[in-house]
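Residue strings, one per chain:
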Amino acid sequence: MSDPRPIKSELKSHRIVWEEEKPIRWSFLKILREFSTLKQFYPEINPYVEVYKFRDNLYCMFQESMDGMGDLWMYLLDGPEKAMLIDTGFGVGDLKGLCRHLVGDKPLIVVNTHHHFDHAYGNAQFDVCYCHEYEVPLMESKNNPHIWDYLFKEDGSCKFTEFDKADIIPWHKYEIVGVEDGHIFDLGGGYEVEAVLLPGHTPGHCAYYDRRQHILFQGDTTGIGSYPGVPNRQYCSVEALRDGLKKLQPRFAEIQGCFPGHGMLDVSSVSLQYLLDAAEAILREPEHCDEKKMRFMAGFGMSKEVMQKYVQQGTAIKYDMGCVWKKDVK
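Note that the coordinates shown come from a computational prediction; the quantities given were computed from them, not determined experimentally.

Chemist: Give me the lowdown on the nonpolar core, citing residues and values where you can.
Modeler: Counting residues in each nonpolar core, the largest one holds 41 residues, and the members touching the most others are Met61, Leu76, Leu85, Leu102 and Phe163. Elements represented by at least two residues in this core include exactly strand 4 (58-63), strand 5 (72-78), strand 6 (83-86), helix 2 (95-103), strand 7 (108-111), helix 3 (117-120), strand 8 (128-132) and helix 4 (136-141). At five residues, helix 2 tops the list of elements feeding residues into this core. Not counting residues within four places of it along the chain, the set of residues in contact with leucine 85 comprises Met61, Tyr75, Leu76, Leu95, Cys99, Leu108, Ile109, Val110, Val111 and Phe126. Ranked by size, the runner-up nonpolar core spans 30 residues in total, among them Ile7, Leu11, Leu29 and Ala195.

In structure tokens, the structure reads:
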């Protein structure tokens, strides 16, 4: 799909393949990226990332998709003694240098919501990265120098987004540390960030809850994944997502902002209730979806038909009949 309606950008990347436009997401990003006074851009450090300061100590970092899917957000929390980077994008451009420019030389804790291309391919710029323990096997499968190969044609040109291949920061093997649901990261002075297991998209998909500012970095919670043969495969299910949301539900009222991996930022926590409502609707009548459509999965080089249940004031939970209930996931 060609560029539907361009958003003016100074980024060095230039998208040449687009997924279907989402009208609500497009309008939000149009206003934010072209008119917001929150925007900061440091092309001499990293020409592939725009920075938006949504809290006194929170930097939201926007990067265009490199593989034709959704543009993404990474988050940098500046704590009293340590900083935390939540997700690392595609690994194109100096993300580590940008973080250092924003928070100085504080120790940096790097965490991932999940292992996908757009959330973890910058991990190799760091020495240690944390994720939920169920995600470790999948994260290990991405810890190699060939992760970017799918972005290029045989002649070396870009398939989905034009960028300078020389701007990929060279890969080096990094340590992957798995944590349990509820694990606390201490940024100093009692500033705590909690790991919150919200599976479904991947077996160990994990959100991170800033307990001081009451904000949730929720990653990707609307697409149910498909990972044959991997450990904890049953957690790639609508049921697992529902269970994670039900466990978190008593805290919905205290959450003052949700920051997802894609789309609109600083969303009300009522969005979590709407997501839970949609998951429960699927479990009641999984065969009665709101829409079916073919979705191209660039990282897997294939298209598949997905069912969609609309989420009020949001997008949709994407699933198929084989990933509704834990017991049915093969």
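Still to come is the rest of the account.
Chemist: Lay out empty space enclosed by the protein with the relevant residues and their values.
Modeler: For the structure on display, the rule yields two cavities of 30 Å³ or more. Estimates place the volume of the largest cavity at around 40 Å³. In terms of lining, the largest cavity is formed by Asn46, Val49, Gln63, Met74, Thr88, Phe90, Gly91, Val92, Gly93, Leu95 and Gln125. Residue classes in the lining of the largest cavity are distributed as five nonpolar, six polar and no charged. In this model, the second largest cavity occupies a volume close to 30 Å³. Looking at the second largest cavity, the residues that line it are Trp73, Tyr75, Ile86, Asp87, Thr113, Phe217, Gln218, Gly219, Phe259, Pro260 and Gly261. A total of three residues in the lining of the second largest cavity trace back to one element, the largest contributor, which is strand 14 (residues 215-219). Taken together, the residues of the lining of the second largest cavity break down into six nonpolar, four polar and one charged.

Chemist: Tell me about helix 6 (residues 270-284), and name the residues and values.
Modeler: In a regular helix each residue adds 1.5 Å, so 15 residues correspond to 21 Å; helix 6 covers 21 Å between its end C-alpha atoms and thus fits that length. Listed in full, the buried residues belonging to helix 6 are Leu272, Tyr274, Leu275, Leu276, Ala278, Ala279, Ala281, Ile282 and Leu283.

Chemist: Lay out the sheet that holds strand 12 (residues 192-197) with the relevant residues and their values.
Modeler: Taking strand neighbours across the sheet as the criterion, the five strands line up as 11-12-13-14-15 in an open arrangement whose pairing is mixed. The open sheet is flanked by strand 11 (184-186) and strand 15 (257-260), the only strands paired with a single partner. The mean inter-strand angle of the sheet, taken between neighbouring strand axes irrespective of direction, is 20°. With five bridges connecting them, strand 12 and strand 13 (residues 206-210) associate as antiparallel partners. Residue pairing across strands places leucine 197 opposite cysteine 206, the latter belonging to strand 13.

Chemist: Describe the packing of aromatic side chains, naming the residues involved and giving the relevant values.
Modeler: As enumerated under the stated definition, the model contains 13 aromatic pairs in all. Ring geometry for tyrosine 130 and phenylalanine 185: centres 5.4 Å apart, planes at 80°, overall edge-to-face. Linking tyrosine 130 in strand 8 with phenylalanine 185 in strand 11, this pair joins segments that are 55 residues apart in sequence. Where phenylalanine 152 meets phenylalanine 163, the ring centres are 5.6 Å apart and the plane angle is 55°; that geometry is what we call tilted. Here the residue phenylalanine 152 occupies a position in the loop between helix 4 and strand 9 (161-162), and phenylalanine 163 occupies one in the loop between strand 9 and strand 10 (175-179), the gap between them amounting to 11 residues.

Chemist: Account for helix 5 (residues 238-248), naming residues and giving values.
Modeler: Helix 5 sits mainly inside the fold: eight of its 11 residues count as buried. All buried positions along helix 5 are accounted for by Val238, Glu239, Ala240, Leu241, Arg242, Gly244, Leu245 and Leu248. Its buried side turned inward, helix 5 meets strand 12, strand 14, helix 6 and strand 18 (316-319).

Calculation notes
Each chain has its residues counted from 1, following the order in which its sequence is written. The predicted nature of this model means local features are confined to residues of pLDDT at least 70 and side-chain atom pairs, given and counted, to a pLDDT of 80 or more, with totals for whole chains, interfaces and linings taken over all residues. For side-chain calculations, the full set of non-hydrogen atoms in the structure is used, while hydrogens and water are omitted. In this description, a nonpolar core means a group of buried Ala, Val, Leu, Ile, Met, Phe, Trp, Tyr and Cys residues linked to one another through side-chain atoms lying within 4.5 Å. Each residue's exposure class comes from its accessible area (1.4 Å probe, protein chains only) as a fraction of the maximum for that residue type: buried when under 20%, exposed when over 50%, partly exposed otherwise. Where helices and strands are cited, they refer to DSSP runs of H or I of at least four residues and of E of at least two residues respectively, numbered from the N terminus. Throughout, a residue-residue contact means that at least one pair of heavy atoms, one from each residue, lies within 4.5 Å. Think of a 1 Å grid over just the protein atoms. A cavity is a set of points where a 1.4 Å probe fits yet cannot get out, a pocket is an open set with protein on both sides within 12 Å along at least five of seven lines, and lining residues have an atom within 4 Å of a point. Grid points are joined across faces, edges and corners, and a volume is the space filled by probe spheres set on the points. Residue polarity is assigned by list, with Asp, Glu, Lys and Arg as charged and Ala, Val, Leu, Ile, Met, Phe, Trp, Tyr, Cys and Pro as nonpolar; anything else, Gly included, falls into the polar class. Any helix carries an expected span of 1.5 Å times its number of residues minus one. Here a strand pair is declared whenever DSSP counts at least two bridges between the two strands. What counts as an axis is a line fitted to C-alpha atoms, over the stretch in contact for a helix, and the angles between N-to-C directions run from 0 to 180 degrees. Between the rings of Phe, Tyr and Trp (Trp by its six-membered ring), a pair exists once the centres lie within 6.5 Å; its type follows the angle of the planes, with under 30 degrees stacked, over 60 edge-to-face, and the other angles tilted.

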